[in-house]
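Observations on the model geometry
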Amino acid sequence: CEKLERIDLVGGEIQQVNIAIAAFLMEKWRKDMNEAIDSINQILPDTPAGDDIYNVGKKAFAIREWITDVLRKFSHYQTQHRLLLKEAMTTVELAMWKKSINERDNVRGRAST
């Protein structure tokens, strides 16, 4: 389609994606994802369309590549996000365990004096 110059994502699914992106721990990741999502609108206006059914043209190719890039980035940042959360949870668990041991040792120390 020669006149296709912009893609606006709408609906419930994009709201879920936006919520997931907003939850990413790193501002850099959120910014990169939002730029990746909007990047298609920078590319499409200057990208030629195909002539017929056999010549799909560069717009269709650009859209396919854009979708692949956005999904790849989202998956990468989602994995990194989960790893950071897991690491943080482990640190909190260890701190709680250490505090529990220290409190138990303090109670035993007071009982023996």
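Residue indices follow the written sequence of each chain, beginning from 1 at its first position. Given that this is a predicted model, residues contribute local features only at a pLDDT of at least 70 and side-chain atom pairs are listed and counted only at 80 or more, while totals for whole chains, interfaces and linings are drawn from all residues. With hydrogens and water set aside, each side-chain value is computed from the structure's full complement of heavy atoms.

**Focus: the confidence of the model for the protein**
When pLDDT is low, close inspection of the predicted coordinates is not appropriate. Put simply, the test is: Confidence scores per residue from the predictor, reported as pLDDT, run from 0 to 100. For the purposes of this entry, the term helix denotes a DSSP run of H or I that reaches at least four residues, the term strand denotes a run of E that reaches at least two, and both are numbered from the N terminus.
Per-residue confidence for the protein gives a mean pLDDT of 88, with 92% of residues at or over 70. The secondary-structure element of the protein with the lowest mean pLDDT is helix H1 (residues 12-23), recorded at 87, while helix H2 (residues 27-43) shows the highest, at 94.

**Quick notes on a nonpolar patch on the surface**
How we decide: Exposure above 30% relative accessible area and no salt bridge define the residues that can form patches, which grow by joining like charges within 9 Å and nonpolar side chains of Val, Leu, Ile, Met, Phe, Trp and Tyr within 5 Å. In these tables, accessible area is a Shrake-Rupley quantity obtained with a 1.4 Å probe, and a residue counts as shielded only by the protein chains included in the view. A pair is scored as a salt bridge if a Lys or Arg side-chain nitrogen falls within 4 Å of a carboxyl oxygen belonging to Asp or Glu.
A grouping of Leu25, Met26, Leu84 and Leu85 is seen on the molecular surface, where their side chains present a nonpolar patch of about 310 Å² in accessible area. Here methionine 26 shows up in the loop between H1 and H2.

**Looking at the packing of aromatic side chains**
Filter applied, for reference: Ring pairs shown here join Phe, Tyr and Trp side chains whose ring centres sit within 6.5 Å, with only the six-membered ring taken for Trp; geometry is labelled stacked below 30 degrees between planes, edge-to-face above 60, and tilted in between. The rule is simple: take the accessible area with a 1.4 Å probe, protein chains only, and divide by the maximum for that residue type; under 20% is buried, over 50% is exposed, in between is partly exposed.
Scanning all chains against the criterion turns up four aromatic pairs. Geometrically, the ring pair formed by phenylalanine 24 and phenylalanine 74 is tilted, given 5.7 Å between the ring centres and 40° between the ring planes. Taken together, the residues phenylalanine 24 in the loop between H1 and H2 and phenylalanine 74 in helix H3 (residues 58-112) connect sequence positions 50 residues apart. For the pair phenylalanine 24 and phenylalanine 74, one class covers both residues: buried.

**Some thoughts on the pattern of salt bridges**
In this structure the tally under the stated criterion is six salt bridges. Here arginine 6 makes a salt bridge to aspartate 8, at a shortest N to O gap of 2.9 Å. You can call arginine 6 partly exposed: its relative accessible area is 49%. A salt bridge links aspartate 69 to arginine 72, with the nearest nitrogen and oxygen atoms 2.6 Å apart. With aspartate 69 and arginine 72 both in helix H3, this residue pair falls three residues apart, about one helical turn. Here arginine 72 falls in the exposed class, since its relative accessible area comes to 51%.

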